Amino acid sequence: MSEILIIEDERSIAELERDYLEIEGFEVEIASDGKTGLEAALNQNYRLILLDLMLPNMNGFDICKQIRKDKDIPILMVTAKNEDIDKVRGFGLGADDYIVKPFSPSELVARVKAHLARYERLIRKSVPLDEIQIRGLQINKSSRKVFIHEKEVILTAKEFDLLTFLALHPNQVFTKEHLFERIWGLESMGDTATVTVHIRKIREKIETDPSNLQYIETVWGAGYRFKGL
């Protein structure tokens, strides 16, 4: 699943935006017309949308209005016009920011990062302390329930403990030995292959695309890492 959707009909601009965002580690998709962009925005779980104002089939104002009915992710409008009336209208429809063409790639990346950071802070403040939420994954520690895109998945006790431990320590690499000791205990009988088996079973239940893992990464020669924000 890509993190950022670019809705832009000028291919050269869309590819420039994509290239600079991918250099920064973001996953990006491009939609080249209004209707296709709106459909993607409503049916996929992006973290941010870069939305051109003038598009074929449907303009950016109408797209922004439709997205805001269902989603509260950051929307950055990109436009060649620097008119206050357009900005007022865009903000009134729910746009979070405006970027005027031509813009510097560094400005684009800086604004994207700033809005994503602000949005993630707001999400964390609104989430109960006993819950972990990230990219469609929800872990409720008190009820020991796990949801992926609002659909409950059933984990065994050890699968839940392992997933929760990793999610509570994002971006940290843990060896199989460390995870075995932490989840199964120092006195447990068995070997670290147990960790590998449980990681595989967790992935089968929470990952939608095995070729593009969203949650638990394998760090070859080191162990496993939960992908943070």
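Going by the structure above, here's the rest.
> Where do I start with the side chain of Glu3 in this structure?
Mapping Glu3 onto the fold places it in the segment before strand 1 (4–7). When neighbours within four sequence positions are excluded, Glu3 is seen to be in contact with Gly25, Phe26, Glu27, Tyr46, Arg47 and Leu48.

> Would you explain the nonpolar core in this entry?
For soluble globular proteins, the rule of thumb is that nonpolar side chains tend to be buried together. Leu137, Leu163, Ile216 and Phe226 are the most contacted members of the largest nonpolar core, which has 27 residues in total. Here this core gets six residues from one element, more than from any other, and that element is helix 6 (residues 157–167). Once you skip the residues sitting within four places of it in the chain, Phe226 turns out to touch Ile134, Leu137, Leu163, Leu166, Ala167, Pro170, Asn171, Gln172, Tyr215 and Ile216. Ranked by size, the runner-up nonpolar core spans 21 residues in total, among them Ala40, Tyr46, Ala95 and Tyr98.

> Where do I start with the sheet that holds strand 2 (residues 28–31) in this structure?
In sheet architecture, strand pairing relies on hydrogen bonds along the backbone and comes in two forms, parallel and antiparallel. Spatially, five strands are ordered 2-1-3-4-5 in an open sheet, and the strand pairing comes out parallel. Single-partner strands in this sheet number two, and they are strand 2 and strand 5 (97–100). Across this sheet, the average inter-strand angle for adjacent strands is 20°, counted without regard to direction. Examined bridge by bridge, strand 1 and strand 3 (residues 48–52) share four bridges and lie parallel to one another. By the bridge assignment for strand 3, Ile6 is matched with Leu50. Contacts from helix 1 (residues 11–23) reach strand 1, strand 2, strand 3 and strand 4 (75–79) within the one sheet, and its direction differs from that of strand 2 by about 170°. Along the sheet, helix 3 (residues 60–70) contacts strand 1, strand 3, strand 4 and strand 5; its crossing angle with strand 4, the most-contacted strand, is approximately 175°.

> Just to check I follow, could you spell out the packing of aromatic side chains for this structure?
The relation between two aromatic rings is expressed through the spacing of the ring centres and the mutual angle of the planes. The full count for this structure, using the stated rule, is three aromatic pairs. Pairing Phe180 with Trp184 gives two aromatic rings, centres 5.6 Å apart and planes at 15°, and the pair type is stacked. Residue Phe180 and its partner Trp184 are located together in helix 7 (residues 176–184), separated by four residues, close to a single helical turn.

> Help me understand the packing of helix 6 against helix 8 (residues 193–206), please; the structure alone is not making it clear to me.
Helix packing for two helices is described by the angle between their axes and how far apart those axes are. Remark: helix 6 packs on helix 8, axes separated minimally by 10 Å, with the N-to-C direction vectors making an angle of 85°. As summarised for this structure, helix 6 and helix 8 are arranged roughly perpendicular, according to the angle between their axes. Within the contact between the two elements, helix 6 uses Lys158, Glu159, Leu162, Leu163 and Leu166 and helix 8 uses Val195, His198, Ile199, Lys201, Ile202, Lys205 and Ile206. Tallied by class, residues from the contact of helix 6 with helix 8 come to seven nonpolar, one polar and four charged.

> Just checking my understanding: could you explain the environment of Lys141 for this structure?
With respect to the helices and strands, the residue Lys141 is situated in the loop between strand 7 (137–140) and strand 8 (145–148). Judged by its relative accessible area of 33%, Lys141 is partly exposed. Considered as a pair, Lys141 and Phe160 are 19 residues apart in the sequence and their alpha carbons are 9.0 Å apart.

> Got a minute to help me understand the pattern of salt bridges in this structure?
Pairing is possible between side chains of opposite charge, provided their charged atoms come close. Tallied over the entire structure, the rule returns 14 salt bridges. With a closest N to O distance of 3.3 Å, Asp19 and Arg18 form a salt bridge. You can call Arg18 partly exposed: its relative accessible area is 22%. The closest approach of N and O atoms between Lys205 and Glu159, which form a salt bridge, is 2.8 Å. Of this pair, Lys205 sits in helix 8 while Glu159 is found in helix 6, placing the two residues 46 residues apart along the sequence. Overall, Lys205 belongs to the partly exposed group, its relative accessible area being 31%. Residue classification places Glu159 among the buried positions, given a relative accessible area of 2%. One salt-bridge network, held together by shared partners, links Glu8, Glu10, Asp52 and Lys101.

> Teacher, can you tell me more about the sheet that holds strand 12 (residues 223–226) here?
Read across the sheet, three strands follow the order 10-12-11 without closing on themselves; strand pairing throughout is antiparallel. The strands lining the two open edges of the sheet, one partner per strand, are strand 10 (173–174) and strand 11 (216–219). One ladder, built from two bridges, connects strand 10 with strand 12; its direction is antiparallel. Across the sheet, the residue bridging to Val173 is Arg225, located in strand 12. Strands strand 10, strand 11 and strand 12 of the sheet are contacted by helix 6, whose axis makes an angle of about 70° with strand 12.

Rules behind the numbers
Residue numbers run consecutively from 1 along every chain, following the written order of its sequence. pLDDT decides what is reported in this predicted model: residues at 70 or higher carry local features, side-chain atom pairs at 80 or more are listed and counted, and totals for whole chains, interfaces and linings draw on all residues regardless. For side-chain calculations, the full set of non-hydrogen atoms in the structure is used, while hydrogens and water are omitted. A run of H or I in DSSP becomes a helix once it reaches four residues, and a run of E becomes a strand once it reaches two; helices and strands are each numbered from the N terminus. Any two residues whose heavy atoms approach within 4.5 Å at even a single point are treated as in contact. In plain words, nonpolar cores are sets of buried Ala, Val, Leu, Ile, Met, Phe, Trp, Tyr and Cys residues tied together by side-chain atoms within 4.5 Å. Think of it in three bands: with a 1.4 Å probe and only protein chains considered, a residue is buried below 20% of the maximum accessible area for its type, exposed above 50%, and partly exposed in between. Following DSSP output, two strands are said to pair if at least two bridges run between them. Convention adopted: a line fitted to C-alpha atoms gives each axis, helices being fitted over their contacting stretch, and angles between N-to-C directions are expressed from 0 to 180 degrees. Working definition: a ring pair exists when centres of Phe, Tyr or Trp rings (six-membered ring for Trp) sit within 6.5 Å. Plane angles under 30 degrees give stacked, over 60 give edge-to-face, the rest tilted. Roughly parallel means an angle under 35 degrees; roughly antiparallel, over 145; roughly perpendicular, 65 to 115; everything else is oblique. Residue classes follow a fixed rule: Ala, Val, Leu, Ile, Met, Phe, Trp, Tyr, Cys and Pro count as nonpolar, while Asp, Glu, Lys and Arg count as charged, and any other residue, Gly among them, counts as polar. Salt bridge, as used here: a side-chain nitrogen of Lys or Arg that lies within 4 Å of a carboxyl oxygen of Asp or Glu.

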